[in-house]
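Examination of the molecular architecture
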Amino acid sequence: MVLRMIAQNNVRSTNNDPVESSESSPITGGANGVGTSRLFRQFGSLFSSPAPPSDPAGYVEFGSISDPVASSGRTLGTFAGVFCPVALSMFSALVFIRVGFIVGNAGLYVTLLQFIIAYVILLFTVSSVCAISTNGAVEGGGVYFMISRTLGPEFGGSIGTLFFLANVVGCGLAISGCAEGIIQTFGPTDGTGSGTIPDGRWWRFLYCSSLNTLMLIVVLIGAEMFAKTSMMILGVVVICLLSTYVSFLTQGPMEVSIPHENSLVNFTNASYTGLQADTLWANLHANYSKDYTSNGNQVNFAVVFGVLFSGVTGIMAGANMSGELKNPSKSIPSGTLSAVLFTFLCYMALSVLIAATTTRTLLQNNFLFLGPINLWPTFVTIGILTATFSTGLSNLIGASRVMEALAKDRVFGPLMSFVVKGTYKNNPIAAVIASWMLVEIILLIGSLNTIAQINSVLFMLAYLATNLACLGIEITGAPNFRPTYKYFSWHTAFIGLLGTAIMMFVINSIYALSSIILCLLLVIALHLFSPASQGAQWGSISQALMFHQVRKYLLMLDSRKDHVKFWRPQMLLLVSSPRSCCPLIHFVNDMKKGGLYVIGHVKVGEFVDNDSSNDPTIEEYTQWLSLVDHMKVKAFVELTLSRSVREGIQHLIRISGMGAMKPNTTILGFYDEEQSKDFFEYEDSPYKTNEFDGNGIKLFPYRKSGESKALGVVEYVRIIDDVLRMRKNLCLCRHFHRLDKQMIARNNHIRYIDVWPVNIFEPKNEDPFDVVSQFMMQLACIINMLPVWKKLELRVFLCESETVSENSAAFERPAEHRLDQRLKMLRISASIHKIPEWNKDIDFAKHRNILKQFTGNSDSNQVMAEENINRSKLYMQRINQIIRDRSNATAVTFMYLPTPPATPSVDYNEKCHHYLDLLTELTFDLPPTILVHGIDAVTSTTL
């Protein structure tokens with residue numbers, strides 16, 4: 001298969017978060033050729049050199065092929081497998097019945113220019129085909145295989161489907177042209193209905209069906225039969241073409257009759273002059289007329305170019321035989337380029353000879369004039385029949401091989417499984433028959449011009465995708481894209497891409513736009529329904545392009561240019577076991593507001609020098625990515641191995657993110673003794689799954705009842721202090737195992753999001769909106785913007801005390817008025833609620849001084865008295881009761897988190913225990929609660 005060109009590091013944008021406890025705390029957790037008949041060997045070896053002992057492309061993704069002939073039935077060489085199909089497909093019917101139409105209307109100058117333009121586009125597209133085919137082992141499926149393994153399953157499958165349809169339509173077009181040649185030769189010629197064979201719509205359908213069935217028999221015999229037939233037919237076509245050249249050089253002047261179906265003129269004959277300078281001079285410039293085969297429609301440059309280009313769209317015929325080629329990486333470039341050069345020289349010579357020998361009147365009024373002026377008119381008839389028959393044969397086998405490749409890749413799931421089952425001796429019998437049936441349907445359309453335009457546009461879209469694939473890989477600079485074909489660069493791919501895109505719309509803008517829309521619909525459908533594993537197996541260019549763009553913009557993102565107006569939360573959620581904190585993981589995903597979301601986990605252990613085992617976080621990383629998929633959150637995952645949880649969290653805070661995209665807010669679960677709950681096993685849990693229970697082993701183990709915590713109180717408080725000293729905003733989350741987002745959406749009883757913007761440990765009236773309170777309000781406002789949470793009312797509780805100095809500026813205006821003004825300045829819609837019980841506590845000032853001992857603002861040498869400790873707990877219980885009384889209909893509560901005790905202090909360990917005890921009392925039996933401490937300003941009141 002094709003070399004995987006893009007090293008994927010697809011860090012999924014999903015979720016996961018905090019630490020142990022009920023929520024979890026910072027504790028660690030524990031077109032188309034496929035292999036064909038063996039009959040190929042007898043004939044293919046006569047026309048190809050022995051295959052090299054190894055593939056020149058080097059690395060083969062799904063297994064190397066040491067002996068292609070013996071192991072996979074590859075028997076065709078460059079001439080039989082590539083040159084002949086490409087040359088025949090590019091000749092088609094154009095070489096005998098359309099070149100005169102082109103020269104007669106566009107003139108020799110414009111004709112030569114159009115051929116040059118067409119072949120330049122084809123040459124650059126061939127360069128892209130050669131680049132892909134020499135960058136790895138090419139297997140069956142031709143163009144589809146190349147595009148799918150480069151662009152990924154979505155684009156590859158959609159383009160492959162359109163390419164399959166293009167081959168089907170192309171086969172119908174060729175058969176219709178062949179039937180026309182038969183009827184014009186053996187059918188009625190004088191308009192009376194007399195002739196060797198009858199004419200009519202259903203008679204033509206019968207002739208077309210007979211030809212289609214004959215092709216079916218040839219293709220069912222196998223691709224070698226096709227190779228034998230194509231070589232023989234190419235020989236016949238070349239002989240007929242040589243007879244045409246000889247006739248131009250030897251035949252003298254004559255009169256040629258005008259066909260009876262041409263009703264646009266009233267004369268019956270036109271002149272053939274032979275080689276004359278005057279005839280050449282008269283045919284140099286353009287002189288567009290009306291097309292007598294399409295009800296007299298006016299001909300112009302676009303029409304002429306559309307006719308020309310539809311006849312030379314066969315450059316992929318060799319790539320379609322990739323499954324039968326002994327050495328596709330060598331045969332496809334050399335065979336295709338040789339055929340392109342050969343047909344180009346033939347067309348150029350034919351155009352010059354026609355312009356120098358035939359009057360414009362004859363060229364515009366008899367498209368089959370090559371027959372009467374030939375020394376052996378039968379040769380032209382034979383040439384038309386053989387060229388169109390071979391083109392149809394090539395398209396039919398190409399369609400069946402693309403269909404087989406699509407089925408093998410399960411692009412459409414089990415829908416095409418019958419194709420794989422219907423394969424006999426590597427020949428896809430079911431795919432051939434299915435393609436034949438679709439061709440029969442195309443033949444019912446009848447309109448040759450309509451079929452031709454659709455065919456051209458579909459092929460052009462396949463060429464566009466091929467150039468796009470190569471251009472994308474070249475832009476990304478993927479180091480594994482090293483084609484042995486040396487004449488490819490991004491310039492050739494870009495010119496080919498631009499040329500094919502323009503020519504699609506030149507041929508027919510409506511069909512071009514329709515095909516692009518159909519392609520995009522297929523891309524969306526395959527993205528939604530195709531197996532996700534295919535992208536990982538093949539590699540997708542989208543991953544490489546995203547990596548290239550993300551790296552570029554990350555380098556442009558400068559943290560020194562950050563402005564508070566554009567601040568958004570960048571979350572680092574520290575998780576011990578996700579089993580016990582699924583609701584919190586989802587809640588933080590909501591709260592990130594389009595910002596960075598990282599789920600961090602610390603695994604306690606050591607990376608020992610003499611231990612031969614791998615880093616344990618490597619295996620666990622994929623498990624966490626699967627968890628992110630299951631939770632359906634947009635988060636990255638960061639794991640670290642450390643001797644302690646505290647040290648590991650420091651690592652995660654420092655290394656999470658990249659460049660200017662680094663977390664600014666750290667979230668921990670609360671440290672308490674509540675029993676953890678397994679949301680993966682809980683029967684009514686929306687997160688229930690057995691995905692992480694395999695072979696009797698539960699992934700993401702959590703602390704069960706009776707088990708001791710792996711993290712001590714002092715270490716937990718030190719982690720809080722570390723986070724703040726590392727200048728990160730901090731959130732401690734408690735009771736989130738009670739959060740039921742579905743109930744909030746259904747139940748009208750839950751109506752509020754509450755904010756308590758007062759430091760309970762040190763309340764003040766001077767500024768109810770300090771940095772911490774503003775950060776708290778910002779988070780609450782973000783949550784209130786989301787669909788499920790939007791229906792809730794945001795409440796801000798004003799806690800006024802009467803113990804403030806009378807000299808304070810707080811008395812200049814009521815605190816409620818100042819708070820209301822601040823909310824309006826911040827554009828936050830919230831109701832203000834005063835707490836009358838707050839002022840009834842006569843020991844408020846004393847409690848404030850006592851509580852201050854447990855924070856970082858206290859005197860580090862101050863010794864705590866037992867009486868003060870008990871009094872503080874009683875005070876916290878009183879505050880907790882006030883909050884609980886107002887939280888019956890509350891979904892989430894935001895509260896002020898005071899700073900922890902200063903590290904170098906007397907009785908530090910004891911202070912840590914009391915600090916955490918007071919927070920526990922404060923948040924006891926509340927709704928899901930977030931204790932918040934902000935570091936820097938996050939709101940702006942200016943433009």
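In this text the structure is predicted, and so the values were computed from the model without any measurement.

Some points on the overall build of the protein chain
Of regular secondary structure, the protein chain possesses 33 helices and 18 strands. Taking all 943 residues of the protein chain together, the buried fraction comes to 58%. Working note: accessible area of the protein chain is about 39000 Å², and carbon and sulfur atoms make up 58% of it.

As for the packing of helix H15 (residues 377-408) against helix H17 (residues 429-443)
At a minimum axis distance of 8 Å, the contact between H15 and H17 shows a crossing angle of 125°. Judged on the interaxial angle alone, H17 and H15 are oblique. Regarding H15 and H17, the two cross each other, and that crossing is right-handed. On H17, the residues that touch Leu396, Ala399, Ser400, Arg401, Met403 and Glu404 of H15 are Ala431, Val432, Ala434, Ser435, Trp436 and Val439. Per-class residue counts for the contact of H15 with H17 are eight nonpolar, two polar and two charged.

Topic: helix H23 (residues 582-591)
In terms of residue burial, H23 counts as a mostly covered element, since ten of its ten residues are buried. All of the buried residues along H23 are Cys582, Pro583, Leu584, Ile585, His586, Phe587, Val588, Asn589, Asp590 and Met591. Once H23 ends, the next one or two residues include Lys593, with phi positive near 50°.

Quick look at the nonpolar core
Grouped together as the largest cluster of nonpolar side chains are 153 residues, with contacts concentrated most on Phe96, Tyr119, Phe248 and Tyr347. Per element, the largest residue contribution to this core is 18 residues, and it comes from helix H5 (residues 99-133). Phe248 has contacts with Tyr272, Leu275, Leu350, Leu353, Ile354, Thr357, Thr358, Phe369, Leu370 and Ile373, leaving out every residue within four places of it along the chain.

Describing the side chain of Asp590
Counting through the fold element by element, Asp590 comes out in helix H23. Not counting residues within four places of it along the chain, the set of residues in contact with Asp590 comprises Lys741, Ile782, Ile783, Leu786 and Trp789.

Digging into the sheet that holds strand S10 (residues 665-669)
An order of S9-S8-S7-S10-S13-S18-S17-S14-S15-S16 is seen for the ten strands of this open sheet, with the pairing classed as mixed. In this open sheet, the two edge strands, each paired with only one partner strand, are strand S9 (636-642) and strand S16 (831-834). Pairwise comparison of adjacent strand axes, ignoring direction, gives a mean angle of 25° for this sheet. Here strand S13 (residues 729-734) runs beside strand S18 (residues 929-933); their pairing, made up of five bridges, is antiparallel. Its bridge partner being in S18, Cys731 is matched across the sheet by Val932.

Considerations on the confidence of the model for the protein chain
One rule of thumb: low pLDDT means the predicted coordinates there are not for detailed reading. Here the protein chain shows a mean pLDDT of 79. Residues at 70 or above account for 80%. Confidence drops under a pLDDT of 50 for residues 1-71, and excluding neighbours within four residues, the segment shows 297 contacts in the predicted structure. Every residue in residues 803-812 is under pLDDT 50, and counting partners more than four places away or in other chains gives eleven contacts.

Some remarks on the environment of Val419
Within the secondary structure, Val419 is located in helix H16 (residues 417-421). For Val419, a relative accessible area of 0% corresponds to the buried category. Sequence-wise, Val419 and Ser400 are 19 residues apart; in three dimensions their C-alpha atoms are separated by 9.4 Å. Among all residues touching Val419, those that are not within four sequence positions of it are Met403, Glu404, Ala407, Ala430 and Ala431.

Quick notes on the state of the cysteines
Tallied over the full model, the rule gives zero disulfides. Unpaired in terms of disulfides, Cys731 finds its nearest cysteine sulfur in Cys733, a separation of 5.9 Å. In this structure Cys731 comes out as buried when scored by relative accessible area, which is 1%.

Digging into a nonpolar patch on the surface
Residues Ile116, Val120, Trp490, Phe494, Ile495, Leu498 and Ile502 make up a contiguous nonpolar surface patch of roughly 590 Å² in combined accessible area. Within the residue set of the nonpolar patch, elements represented by two or more residues are H5 and helix H19 (490-507). For the nonpolar patch, the element with the most residues is H19, which contributes five residues. In this structure, Ile495 sits in helix H19. Taking the relative accessible area as the measure of exposure, Ile495 reaches 39% and is therefore partly exposed.

Quick look at the pattern of salt bridges
Once their charged atoms are close, side chains differing in charge can pair, the charge on each being opposite to the other. Evaluated as defined, the whole model comprises 17 salt bridges. Among the ionic pairs, Asp820 bridges to Lys824, the shortest N-O distance being 3.4 Å. Here Asp820 pairs with Lys824, and both are found in helix H30 (residues 815-825), just four residues apart, close to one helical turn. Note that Asp925 and Arg884 form a salt bridge whose closest N and O atoms lie 3.7 Å from each other. Here the residue Asp925 occupies a position in the loop between helix H33 (908-922) and S18, and Arg884 occupies one in helix H32 (residues 866-885), the gap between them amounting to 41 residues. The partly exposed category is assigned to Asp925, whose relative accessible area is 39%.

Some details on the packing of aromatic side chains
Inspection of every chain in the model, using the stated rule, returns 26 aromatic pairs. Consider the rings of Phe91 and Tyr347, whose centres lie 5.9 Å apart with planes at 70°: the pair is edge-to-face. With Phe91 in helix H3 (residues 78-91) and Tyr347 in helix H12 (residues 328-357), this residue pair connects regions lying 256 residues apart in the sequence. Residue Tyr347 is classed as buried on the basis of its relative accessible area of 0%. Measuring from ring centre to ring centre gives 6.4 Å for Phe459 and Tyr463, while their planes differ by 40°; the resulting arrangement is tilted. Pair noted here: Phe459 and Tyr463 are both in helix H18 (residues 448-476), with a separation of four residues, about one helical turn. No difference in accessibility class separates Phe459 from Tyr463, as the two residues are buried. Taken together, the ring pairs in this structure connect Phe79, Phe83, Phe91, Phe115, Tyr119, Phe342, Phe344 and Tyr347 into an aromatic cluster.

Overview of the environment of Cys84
Relative to the assigned elements, Cys84 resides in helix H3. Residue classification places Cys84 among the buried residues on the basis of a relative accessible area of 0%. For Cys84 and Thr336, which are 252 residues apart along the polypeptide, the C-alpha to C-alpha distance reads 9.2 Å.

What to know about the pairing of strand S8 (residues 597-604)
Extensive coverage of S8 is indicated by the burial of seven of its eight residues. Note: strand S7 (residues 571-574) against S8, four bridges, orientation parallel. Across the sheet, residue Leu574 finds its bridge partner in S8, namely Gly600. At this point the chain moves from S7, through H23, to the parallel S8, and the crossover so formed is right-handed.

Observations concerning the packing of helix H7 (residues 153-186) against helix H20 (residues 509-529)
Where H7 meets H20, the axes come as close as 8 Å, and the angle between the chain directions of the two elements is 135°. When the axes of H7 and H20 are compared, the pair comes out oblique. Crossing angle aside, the handedness with which H7 passes H20 is right-handed. For the pair H7 and H20, contact is made by Pro153, Glu154, Phe155, Gly157, Ser158, Ile159, Thr161 and Leu162 and by Ser515, Leu518, Cys519, Leu522, Val523, Leu526 and His527, respectively. Residues that form the contact of H7 with H20 fall into these classes: nine nonpolar, five polar and one charged.

Quick notes on the rules
Residues numbered from 1 in each chain as written. Predicted model: local features only at pLDDT ≥ 70, side-chain atom pairs only at ≥ 80, totals over all residues. Heavy atoms only, no water. Helix = DSSP H or I, 4+ residues; strand = E, 2+ residues; numbered from the N terminus. Buried < 20%, exposed > 50% of the residue type's maximum accessible area, 1.4 Å probe, protein only. Areas by Shrake-Rupley, 256 points an atom, 1.4 Å probe, with all protein chains shown as cover. Axes fitted to C-alpha atoms, helices over the stretch in contact; angles between N-to-C directions. Parallel < 35°, antiparallel > 145°, perpendicular 65-115°, else oblique. Left-handed = near helix turned anticlockwise from the far one by under 90°. Contact = heavy atoms within 4.5 Å. Nonpolar A, V, L, I, M, F, W, Y, C, P; charged D, E, K, R; others polar. Core = buried A, V, L, I, M, F, W, Y, C linked by side-chain atoms within 4.5 Å. Pairing = 2+ DSSP bridges. pLDDT = per-residue confidence, 0-100. Disulfide = S-S within 2.5 Å. Patch = residues over 30% accessible without salt bridge, like charges linked within 9 Å, V, L, I, M, F, W, Y side chains within 5 Å. Salt bridge = Lys/Arg side-chain N within 4 Å of Asp/Glu carboxyl O. Phe/Tyr/Trp six-rings, centres within 6.5 Å; stacked < 30°, edge-to-face > 60°. Right-handed = clockwise from strand over helix to strand, strands pointing away.

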